[in-house]
Amino acid sequence: MTETTSAEASQAKSVLMKIAAFVADRNIPFLVCSIGMIVMLLWAGKFKMTAPGAEGIIPLVTNSPFTSWLFKVFGPYIGSDMIGATEWTAAILLIIGYFKPKAGILGGIILVGMFFTTSTMLITTPDDTVVVHGIHYMNNLGLFLFKDIISFGVAFYLISYYGRKAILAENHS
């Protein structure tokens, strides 16, 4: 897939193509995804470092084959602090990535591992759905977890964006 250049964008004829070129030229997808991810990680990470935050993720962490060991070894409060610190680390790396793209790649890789793990909790966490007239629907817990599938995709996008920037920087050195 090739990216639209400013010269190509200025030649766009239809309104739809001009809108698409405007969005692409200003890196709006990257800005929305990266800033949104950074805010979410800082906010959620800080909440996990509180007693209610730690207690809220107990059913998720303890039922996951990937994370249950964490609370067994460290307990829910220190284990939750570690999860929050991981989120903060990824957020800080994404911020540094604005200036040093390789840091953004590393932050994205951390997010891929983190969101893969939390996405699997949709399968391992009991009571994340409700049954209405025989059909399963996600309840608040299920919807809370489902956002991590979208975040999983955003993490890959951020790796690719920062990766393109790092490649350009290496090629211009």
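Right above here is the structure, for reference.
Structural notes, computed from the coordinates. (Residues numbered from 1 in each chain as written. Predicted model: local features only at pLDDT ≥ 70, side-chain atom pairs only at ≥ 80, totals over all residues. Heavy atoms only, no water.)

## Some remarks on the environment of Ile-150
Turning to step 1, where the next piece is worked out: By the secondary structure assignment, Ile-150 is in helix H8 (residues 140-171).
Turning to step 2, where the next piece is worked out: Taking relative accessible area as the criterion, Ile-150 reaches 54% and is therefore assigned exposed. (Helix = DSSP H or I, 4+ residues; strand = E, 2+ residues; numbered from the N terminus. Buried < 20%, exposed > 50% of the residue type's maximum accessible area, 1.4 Å probe, protein only.)

## A word on a nonpolar patch on the surface
Turning to step 1, where the next piece is worked out: Together, Leu-31, Ile-35, Val-39, Trp-43, Ile-95, Tyr-98 and Phe-99 line one region of the surface with nonpolar side chains, adding up to about 760 Å² of accessible area.
Turning to step 2, where the next piece is worked out: Broken down by element, the nonpolar patch gets its largest block of residues, four residues, from helix H3 (residues 28-48).
Turning to step 3, where the next piece is worked out: For Tyr-98, the position within the fold is in the loop between helix H6 (68-97) and helix H7 (101-124). (Patch = residues over 30% accessible without salt bridge, like charges linked within 9 Å, V, L, I, M, F, W, Y side chains within 5 Å. Areas by Shrake-Rupley, 256 points an atom, 1.4 Å probe, with all protein chains shown as cover. Salt bridge = Lys/Arg side-chain N within 4 Å of Asp/Glu carboxyl O.)

## As for the nonpolar core
Turning to step 1, where the next piece is worked out: If you look at the biggest cluster of nonpolar residues, it comprises 16 residues, and the most contacted ones within it are Met-37, Leu-41, Leu-94, Leu-111, Phe-115 and Leu-158.
Turning to step 2, where the next piece is worked out: Among the secondary structure elements, those contributing two or more residues to this core are H3, H6, H7 and H8.
Turning to step 3, where the next piece is worked out: At five residues, the largest contribution of residues to this core is made by H8.
Turning to step 4, where the next piece is worked out: The contacts of Leu-158, once residues within four sequence positions are left out, are Phe-30, Cys-33, Ser-34, Met-37 and Leu-94.
Turning to step 5, where the next piece is worked out: Membership of the second largest hydrophobic core comes to eight residues, among which are Ile-57, Val-61, Phe-71 and Ile-83. (Core = buried A, V, L, I, M, F, W, Y, C linked by side-chain atoms within 4.5 Å. Contact = heavy atoms within 4.5 Å.)

## A few points about the pattern of salt bridges
Turning to step 1, where the next piece is worked out: According to the stated counting rule, one finds three salt bridges in the structure shown.
Turning to step 2, where the next piece is worked out: Lys-102 is paired through a salt bridge with Glu-170; the nearest N and O atoms lie 3.0 Å apart. In this pair, Lys-102 sits in helix H7 while Glu-170 sits in helix H8, placing the two residues 68 residues apart along the sequence.

## Some points on unusual backbone geometry
Turning to step 1, where the next piece is worked out: Backbone geometry places Asn-27, a non-glycine residue, at a positive phi of 55°.
Turning to step 2, where the next piece is worked out: As for its position among the elements, Asn-27 is in the loop between helix H2 (15-25) and H3.
Turning to step 3, where the next piece is worked out: One non-glycine residue, His-133, lies in the positive phi region at around 55°.
Turning to step 4, where the next piece is worked out: With respect to the secondary-structure elements, His-133 resides in the loop between strand E1 (129-132) and strand E2 (135-138).

## Here we look at the side chain of Ser-34
Turning to step 1, where the next piece is worked out: You can see Ser-34 is positioned in helix H3.
Turning to step 2, where the next piece is worked out: Residue classification places Ser-34 among the buried positions, given a relative accessible area of 0%.
Turning to step 3, where the next piece is worked out: Residues in contact with Ser-34, not counting those within four places in the same chain, are Tyr-98, Leu-158 and Tyr-162.

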